[in-house]
Amino acid sequence: MKKRFVLCALIGFCAFNLSKAQTYPQILVNNQKFSDWNRDGKLQPYEDTRLSDYERIDDLISRLSVEDKIHLLLGTGMVGFEMLKGFEAIDPKGVTIPSYLIPGSAGSTTPIDKLGIPAVIFTDGPAGVRISATRKGESNTYYATGFPVGALISTTWDVELAEEIGKAIGDEALKYGSDIQLAPALNIMRNPLCGRNYEYFSEDPLIAGKFASAITQGIQKNGVGVSLKHFAANNSENNRMDLNVHLSQRALREIYLRGFEIAVKESNPATIMSSYNKINGTYTSASYDLLTTILRHEWGFKGTVITDWFGGYADVSAISDTSHDGISKDSYEEKIFAQQIHSGNNLLMPGTQIQFETLKKYIDSKRLSIEDVNNSVRKVLEIIFKSPRVAGYVPYNNPDLKSHGLLSRKAASEGMILLKNDNGALPLNKGSKIALFGSGSYNIIAGGTGSGNVNKAYVISLPKGLEENGFQIDKNLDKTYTSFVKEELRKTEELRKKLLAILPILTQPTIKERVIENSAKENDIAVITIGREAGESGDRKIKDDFDLSEKEQNLISEVSNAFHKLNKKVVVIVNSGSAIETSSWKGKVDAILWASLPGQEGGYAITDVLSGTVNPSGKLTQTLPVKYSDVSSSSNFDGVPAEKPTDVSYREGIYVGYRYFNTFNVTPSYEFGYGLSYTKFDYSEPVLSSSQFNQKLVISLKVKNTGSVAGKEVVQLYLSAPRGGVDKPAKELKGFVKTKLLNPGETQVVFFELQPKDLASFNPLASAWIADAGVYKIEFSSSVLNSKQTSSFTLPNKLIVEKVNNVLNNDLNFQDLKSNR
Ligand code: BGC
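Computed from a predicted model, the values in this text were never measured in an experiment. (Residues numbered from 1 in each chain as written. Predicted model: local features only at pLDDT ≥ 70, side-chain atom pairs only at ≥ 80, totals over all residues. Heavy atoms only, no water.)

1. Overview of the overall build of the chain
Regarding its fold elements, the chain presents 21 helices and 30 strands. Sequence-distant contacts in the chain: of pairs separated by 6 or more residues, those separated by 24 or more amount to 78%. Of the roughly 30500 Å² of accessible surface on the chain, a fraction of 50% belongs to carbon and sulfur atoms. (Helix = DSSP H or I, 4+ residues; strand = E, 2+ residues; numbered from the N terminus. Contact = heavy atoms within 4.5 Å. Areas by Shrake-Rupley, 256 points an atom, 1.4 Å probe, with all protein chains shown as cover.)

2. Regarding the site of the ligand
By nearness alone, 14 residues border the ligand, and D124, R196, H230, D308 and E536 come closest of all. Here an oxygen atom of the ligand sits 2.7 Å away from a polar atom, N or O, in the side chain of R196. Interatomic distance of 3.3 Å between a side-chain N/O atom of R240 and an oxygen atom of the ligand. Bound to the protein, the ligand loses 94% of the 310 Å² it would expose on its own. (Near = heavy atom within 4 Å. Polar contact = N/O pair within 3.5 Å; in protein donor to acceptor, adjacent residues only side chain to side chain.)

3. Focus on the pairing of strand β14 (residues 433-437)
Where burial is concerned, most of β14 is hidden: four out of the five residues are buried. Looking at chain direction, β14 and strand β15 (residues 472-473) are connected through two bridges and run parallel. Its bridge partner lying in β15, I434 is registered against I473. In the classification by handedness, the crossover that spans β14, the intervening helix α14 (residues 462-468) and the parallel β15 is right-handed. Sheet topology note: the β14/strand β16 (residues 525-531) ladder contains four bridges and is parallel. By the bridge assignment for β16, I434 is matched with I525. (Buried < 20%, exposed > 50% of the residue type's maximum accessible area, 1.4 Å probe, protein only. Pairing = 2+ DSSP bridges. Right-handed = clockwise from strand over helix to strand, strands pointing away.)

4. A short note on the sheet that holds β14
Taken in spatial order, the six strands line up as β13-β18-β17-β16-β14-β15 in an open sheet, and their pairing is mixed. The open sheet has two edge strands, β13 (417-421) and β15, and neither has a second partner. Here strand β17 (residues 569-575) runs beside strand β18 (residues 591-594); their pairing, made up of four bridges, is parallel. Along β18, the bridge assignment pairs V574 with W594. Contacts from helix α15 (residues 475-497) reach β14 and β15, with the element oriented near 20 degrees to β14. (Axes fitted to C-alpha atoms, helices over the stretch in contact; angles between N-to-C directions.)

5. Observations regarding the sheet that holds strand β5 (residues 121-124)
Spatially, β4-β5-β6-β7-β9-β12 is the arrangement adopted by the six strands of the open sheet, whose pairing is mixed. Strands with a single pairing partner mark the edges of an open sheet, and in this sheet they are β4 (107-108) and β12 (304-306). In this sheet, strand β6 (residues 180-182) lies alongside β5 in parallel orientation, the contact comprising three bridges. The residue bridging D124 from the neighbouring strand is L182, located in β6.

6. A short note on the pairing of β17
With six of seven residues buried, β17 lies mostly within the body of the structure. In the sheet, β16 pairs with β17 via seven bridges, with the strands oriented parallel. From the neighbouring strand, G531 faces β17, where its bridge partner is N575.

7. Concerning the packing of aromatic side chains
Within this structure, the stated rule accounts for 24 aromatic pairs. Residues Y142 and Y176 carry aromatic rings whose centres are separated by 6.2 Å and whose planes lie at 55 degrees to one another, so their mutual orientation is tilted. One end of the pair, Y142, is in the loop between β5 and α4 (150-153); the other, Y176, is in the loop between α5 (159-175) and β6, and 34 residues separate them in sequence. Judged by relative accessible area, which is 4%, Y142 ranks as buried. Its relative accessible area of 3% is what places Y176 among the buried residues. A network of ring pairs unites the aromatic residues W157, F201, F211, Y658, F672, Y718 and F736 as a single cluster. Over the ring of Y650 we find R190; its NZ or CZ atom is 3.8 Å from the centre of that ring. Here the basic side chain of K278 rests over the ring of Y283, its NZ or CZ set 5.0 Å away from the ring centre. (Phe/Tyr/Trp six-rings, centres within 6.5 Å; stacked < 30°, edge-to-face > 60°. Lys NZ or Arg CZ within 6 Å of the ring centre and 35° of its normal.)

8. Thoughts on the nonpolar core
Core analysis: the biggest nonpolar cluster contains 76 residues, and F231, Y256 and L733 have the highest contact counts within it. When residues no more than four places from it in sequence are discounted, the contact partners of L733 are W157, D204, L206, I207, Y658, F672, Q716, L717 and Y718. (Core = buried A, V, L, I, M, F, W, Y, C linked by side-chain atoms within 4.5 Å.)

9. Details of the pattern of salt bridges
Throughout the structure, instances matching the rule amount to 45 salt bridges. Between E266 and K210 there is a salt bridge; the shortest N-O distance is 2.6 Å. Highlighted residues: E266 in helix α8 (residues 258-267) and K210 in helix α6 (residues 205-220), separated in sequence by 56 residues. Owing to a relative accessible area of 40%, E266 belongs among the partly exposed residues under this scheme. Under the relative-accessibility criterion, K210 is labelled partly exposed at 28%. (Salt bridge = Lys/Arg side-chain N within 4 Å of Asp/Glu carboxyl O.)

10. Looking at α6
Between its terminal C-alpha atoms α6 stretches 22 Å, which fits the 22 Å expected from 16 residues at 1.5 Å a residue. For α6, the buried fraction is high: 13 of the 16 residues fall into the buried class. The backbone nitrogen of L206 lies 2.9 Å from a side-chain oxygen of the residue at the head of α6, namely D204. (Expected span 1.5 Å × (residues − 1).)

11. Observations concerning the environment of S549
Within the secondary structure layout, S549 lies in the loop between α17 (542-546) and α18 (550-565). Overall, S549 belongs to the buried group, its relative accessible area being 16%. As for S549 and Q508, which are separated by 41 residues in sequence, their C-alpha atoms are 9.1 Å apart. If near-sequence neighbours (up to four positions away) are discounted, S549 is found in contact with R532 and D544.

12. What to know about the side chain of S761
If you trace the backbone, S761 turns up in strand β26 (residues 761-763). With near-sequence residues (within four places) excluded, S761 lies in contact with R250, E254, V726, K728, A768, W769 and I770.

13. Thoughts on the environment of T747
Topologically, T747 is positioned in strand β25 (residues 747-754). Distance in space between the C-alpha atoms of T747 and Y683 is 9.5 Å, their sequence separation being 64 residues. Look past the residues within four positions of T747 in its chain and what remains in contact with it is K702, V703, K704 and L742.

Take a look at the structure:
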């Protein structure tokens, strides 16, 4: 009786919630419509007064036992980890591990059967829905679309397109029965060696925030929730679960939190995932200052905070699907779990028996208050009640993979960046004969490894892309490389099985000089692909990874010599999500296309740009340095001790990426915002709504395609603030617009709006965002170093834009890098 009673409560709640979006089930009794349940336990006629959402959850909370509540605060555990001490899944007594848990999903909340509370399911990740493609005893397949990675989505500079991708990912999540998609990932690319840069958007927080917001809106339009991750300052992978990140309040506020702040305020994400690391001595997942004071009180976050998988367990050097070794006996400190709940981390994933016992002990001894527990239970119930599952959605496992494949291809070609194109080397002449060099040309890398990988049905190879579009490829080279790459991949697969987290970069076969010379005679042009795979649980290396290997360098030199001798051109494709060294070899070749990690349609998308079917319009969202040591965090990225770092200091402060290169006059190989087109654009003089800033400023300017083919331009607005209370970077990105496809001669007016916070810097002494009085210079640019129009306005009086809490102080007290600007 009681069970039915609460089930009705739950259904009633959902009816209420969803009736806003659609007419959702009314309960039919004797052909009369009921939709509600009231405290007296009677069904109420459909139109009657209802309880508020809050009251319904309140009522349910009053019926849950302490054990039920603890179950709700924990996931059900993770297959593959239960044998490890401290990682055992929850004792399933009284709990049905959901039979509908999707194979290959990341986990679920714990269902409370007796009260009719179902579980919600979580799936990774940022490039598409990560589930197993096959299921035991079934012939059906469950492939998902492999979209381009975050690092490529941002280089489109097209937030509408990003929202479209979000919509498609959300649609697949919904159709495959997921309730929460563990995406987008928006950590700052602090350093090119971070293994997960490919999942992230940029070194710039405005880009990170805007793209995360667009993708969130797209996914959530399906009723599926997101999880913005990893909150915050998770900018490296080595020993990521036990890494203490030391940084200043200013670097935190302006660089590492800002993207999350933008996305939280603009897109109302259902959940946020706290990160593995500590910030200034406290695990982010157990930081009240971060999760409650800043996230909820300052930013108004209304959703649910979940831990990253096993977040708060220390000394676990690698946990991912490829590796889970290195777990020591004392890999957790039990009080952390109670602290996490107290701090506002509402759900601990994937859930372990130790966590269950600890929370019980802490609640019983009143070291964890029942109010804290109830607050988190409420937050977990909210995501359950809002889930498609509770809305009665039936997953038919039938996403439209075909149309999503087309979207993936379109997005991939939109984000590719033409770095160099001397003497019109590209686009390729129709039907050209192409000599494809480099192992990478025969193994296009669609995405990265770890939870960001998607089980996609196929990856379009480059030879296939080229041949299907009328190009011919050198069959001799094809044969040599194909068998070499096949064998190398087989060896890599062996290593993968041995659970090695960091896989070697694909090596190059030796191609004899005579073969290269012959191919130069027989083909019209050479294309060399340099590929890099990276991923979760480990960072990249400088040697043979950021830097090209000797064999790769030699290949570029030898191919260029042979082809140039015959007046033929050489194109290099870079197939990497994160920066590599380009400056030592870029002078040797005629064209370079940064193809990033383009997703399952890679070979087609690259061909679209090479052939000119798509005019490239992507621009860099990370700086490509001349050499690794030019990166501001190069000397303090690894952390200490080197062997297994437990501490890393962000001594460069706010000077990350272009903020550093520009302000300290370090010349990059290719700068932030850079990218060429097959056409040219002119910018008109900008028109400002006022020459004085008052509340906001609106600016417009005209962009004209002055070349001979249709194309799109990305106009970037950089602001230089006057000197004031704090050190200021030379300029910062404060707005960007991508035009529509402009035909030759066509013009488009683009608009920008500046808000007070865009003018402000964070002043730690005042715990406030302050805009200093004076002249603000604006540049309208096609890259951070290529300003095409300038203007300025004044702010007559200093503006205290926002006062915030004095929290998360640097515990090491070092001075951030200063420019004295
Ligand atoms: C990753 C998360 C991911 C989670 C679930 C963790 O190892 O850091 O990004 O969502 O696993 O698979």
